Every structure is written in structure tokens, then in C-alpha cells.
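Commentary on secondary and tertiary structure
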Amino acid sequence: MIVILKKNPNPDQVQGLVTWLEGKGITIHRSVGQNETIFGLVGDTSSLDIGLISALDIVEDVKRVAEPYKEANRKFHPEDTVVKVGGTQVGGGNLTLIAGPCSVETEEQIVGIAKAVKAAGATMLRGGAFKPRTSPYSFQGLGAEALRYLSAAKRETGLPIVTELMDISQLELFDDVDVIQIGTRNMQNYDLLKAVGKQKKPVLLKRGMASTYEEWLMSAEYIMSEGNPNVILCERGIRTFEPSTRNTLDLTAIPLLRKQTHLPILIDPSHATGKYSLVPSMSMAAVAAGCDGLLVEVHNDPQHALSDGAQSLRPDKFEVLAKNLLSLHEFTAALPQMNYE
Ligand code: PEP
Ligand code: MN
């Protein structure tokens, strides 16, 4: 962190700042020029409040030069993180395909879809039990009953289960769940992040719909700093001014976050677009851009789905898409690496 002091600062106040910073274990490199004095702060500045320092009378400006996230930072962990889930791995060059309905509706429905997506090449099953709905009058999910149906689908197919946790109290029902999803609305629910950080199951952390990359990585940091290194990031579209799609899919997240973090990056083209017809092309684009996998909503009868039917693919369409995605992934993996640094 760099602190630029105002011209002719009050020496007592400067000393006060120095003593306070040194008390926090920070070493200060001073550069005294004719017009300004600059402090280069060396040490762990992650807990320093930039706002507090900039508000001081003697301070002109403060700039962070190091990212505030450590555990998630590629600088401190150059190797890609590979998250093991059952017999499969997320990251490390694999293309993970997570597919299933938005909401679990009946046992028959989830078991049927699980069999279909497995046959199509999916490596994990998704399905919402606890649903964060914009309207309190919309279907809220079957809760514990849905978790039992997901377990039945897992027993039948062997597919690991990915499902959303909305509240810490639900965690005790998640024994058979393989990956805990934290949804866009809860990306900054810090108590929930700490709770999933204290347990060992992998966490699929969706990007908040109005969150920056840094805020997203700081949320990953909440989970990792509690002791759980198994975090999978998932971009699911952000809020923009464009009304023709549910959200705007930000594929830049893939190459940009690759540099900043070692965590695997998945793309959810379903919530990003809100339209099933846009899902195939955006999925292909995501694979071409180098994502580690996709989270796709698949429903046997989208027109009668209890949630998100408009963005759900039928199993037969998913089957064609999955084949194309796997072929494209193989093709791009064989291309020479392009380095534009
Ligand atoms: C979901 O995956 O069903 C979901 C609610 O996603 P998001 O949190 O991205 O809206
Ligand atoms: Mn959904």
C-alpha cells in the first residue's frame, strides 16, 4: 500500500500515523520529495482500512498495490486448484458438466433427469431444494424432501449432488450433498460464507449479480480463511441496463480471473441469459474462453417447470450440447497456447 502525504504535513500527526502503522507490524519506506512525502507500506496490509487512512488530515491519497485477498490469490498459490468431488475433479484441465433442473419437483422427475444428463455426459447433478425466489408467492422449493429425492437420484446414477444452501440451519440436512452452492444473492452473506468455510465439502460460489471480481474473490477468501480450500467460482451473469436477457454473461471473468486466482471457474449460461435458446451458443463461447465447466439447467418438461422453465434445456437438447462442448474442449486443449502478455 502506498500513502501519499499532503504538502507540509503536521509532524505530530505524521508521527502518530507512523506509530500506529508500526504497531500493526507494518514497515514504512519513506520517500521524501520536494513537494510530497510518500510512504511505501510493507507487511500484511490486508486488515488496514483504506478509508480510515485517506480520511486523515495529512493524507492526500492512498493506493493499494497488493490485492486484499491472499488464500485465493495466484501469487501465493501459483498451481491451479483442483477440487475433488466423488470420483470427478473440477479444474486441472477437465470440463465439468453440472446439469439438472432449477428446482427438484418430484422424485420421479429428478431421478429421470439425473439418468438422462448422466447418459449425455454430465459429471454432476444440480437441483434446488431451498430456492431463493424474488417473489414470496413463487414456489420456494421442497426443502428436506427435495434432498431425499436428490439422494435417490445419486443412488441410482452415482452422480454427485450440487444444491444451494440458503441458511446455516439447513447445513445439518446436507450430509449426502457433495457440493454446496452459495447463490448470487448470498455471495456477501458473510456468516453463511464463514459457516461453509468451517466444514469440508466443496463450495460452488456464484458471483453476486452486482459484484466486482474483487468482491467475489473476497467472498472466496471468507470461505478459505476459515480452512476450506475447496472453492469453485461460478459466473452467472451480472445486472446491466440490457433488458433482453435476464443478466449479461461476463465471459471476461474467465481469462481475467485465471491470472488473479488459482480457483476453478465455471459458467452458468442458464441464469446468465434466462433463455434456453441462448444457452448453447453461450456455453460454447465459455468453453472456447477456457472455463473449467458449466452449470446448466435441464428440465424434462420446461413448460411446466415450477421455476426457470424458460431457461431450461430439454434432455435431448442437452445431450447434443454436451457432445459439442466436449468436442470443443478437446479441440481447444490441443491448440497452441496463445500468450499475449
Ligand atoms: C440456481 O442456480 O438455481 C440459482 C438460484 O442461481 P443464482 O443464485 O445464480 O440466481
Ligand atoms: Mn434457476
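Below is a short write-up of the structure. (Residues numbered from 1 in each chain as written. Chains lettered and ligands numbered in written order. Predicted model: local features only at pLDDT ≥ 70, side-chain atom pairs only at ≥ 80, totals over all residues. Heavy atoms only, no water.)

Turning next to the layout of surface pockets. Looking at the largest pocket, its volume works out to about 1000 Å³. In this structure, the largest pocket is lined by 25 residues; those nearest its centre are R258, A289, G290, Q337 and M338. Mapped by element, the contributors of at least two residues to the lining of the largest pocket are α7 (253–260), α9 (279–288) and α10 (315–333). With four residues, α7 is the largest single contributor of residues to the lining of the largest pocket. The residue makeup of the lining of the largest pocket, split by class, is 11 nonpolar, eight polar and six charged. In this structure, the second largest pocket spans a volume of roughly 260 Å³. Lining the second largest pocket are 23 residues, and of these K131, P132, R185, H271 and D308 sit closest to its centre. Of the residues forming the lining of the second largest pocket, the biggest block, three residues, is contributed by strand β9 (residues 161–164). (1 Å grid on protein atoms, 1.4 Å probe; cavity = no way out; pocket = protein on both sides within 12 Å on 5 of 7 lines; lining within 4 Å. Points joined across faces, edges and corners; volume = space filled by probe spheres on them. Helix = DSSP H or I, 4+ residues; strand = E, 2+ residues; numbered from the N terminus. Nonpolar A, V, L, I, M, F, W, Y, C, P; charged D, E, K, R; others polar.)

Another point: the coordination of the manganese ion (ligand 2). Around the manganese ion (ligand 2), the protein contributes the donor atoms C102 (SG), H271 (NE2), E297 (OE) and D308 (OD), which lie 2.0 to 2.4 Å from the metal centre. Summarised as a motif, the one-chain spacing of the donors to the manganese ion (ligand 2) is C-x168-H-x25-E-x10-D. With a gap of 37 residues between them, H271 in helix α8 (residues 269–273) and D308 in the loop between β14 (293–297) and α10 connect regions that are remote in the sequence. Taking the relative accessible area as the measure of exposure, H271 reaches 8% and is therefore buried. (Donors = N, O, S within 2.8 Å, 3.2 Å for Na, K, Ca; no water. Buried < 20%, exposed > 50% of the residue type's maximum accessible area, 1.4 Å probe, protein only.)

In this section: the sheet that holds β14. Spatially, eight strands are ordered β7-β8-β9-β10-β11-β12-β13-β14 in a closed barrel, and the strand pairing comes out parallel. Pairs of neighbouring strands in the sheet enclose a mean axial angle of 25°, with direction left out of account. Inspection of the sheet shows strand β8 (residues 124–126) paired to β9 by two bridges, in the parallel sense. In the strand pairing of β9, R126 is matched with V162. Packed onto the sheet, α7 meets β12 (231–235) and β13 (265–267) and runs at close to 165° relative to β13. (Pairing = 2+ DSSP bridges. Axes fitted to C-alpha atoms, helices over the stretch in contact; angles between N-to-C directions. Contact = heavy atoms within 4.5 Å.)

In this section: the nonpolar core. Generally speaking, soluble globular proteins have nonpolar side chains that are buried together. Within the largest apolar cluster, 65 residues are counted, with the highest numbers of intra-cluster contacts made by V117, L205, L233, L294 and F318. When residues no more than four places from it in sequence are discounted, the contact partners of L294 are T96, L97, I98, L266, I267, P269, S283, A286, V287 and L325. Ranked by size, the runner-up nonpolar core spans 16 residues in total, among them V14, I28, L41 and V62. (Core = buried A, V, L, I, M, F, W, Y, C linked by side-chain atoms within 4.5 Å.)

Bringing the pattern of salt bridges into the picture now. By the definition in use, this model includes 15 salt bridges. Between D44 and K70 there is a salt bridge, and its shortest N-O distance comes to 3.1 Å. Placement of D44 in the loop between β3 (37–42) and α2 (50–54) and of K70 in the loop between β4 (59–63) and β5 (83–85) is noted, with a sequence separation of 26 residues between them. Assessed through its relative accessible area of 44%, D44 is described here as partly exposed. By relative accessible area, which is 36% here, K70 ends up partly exposed. Here E67 makes a salt bridge to K75, at a shortest N to O gap of 3.0 Å. Taking the relative accessible area as the measure of exposure, E67 reaches 27% and is therefore partly exposed. One connected set of salt bridges, linked through shared partners, spans K154, D176 and D178. (Salt bridge = Lys/Arg side-chain N within 4 Å of Asp/Glu carboxyl O.)

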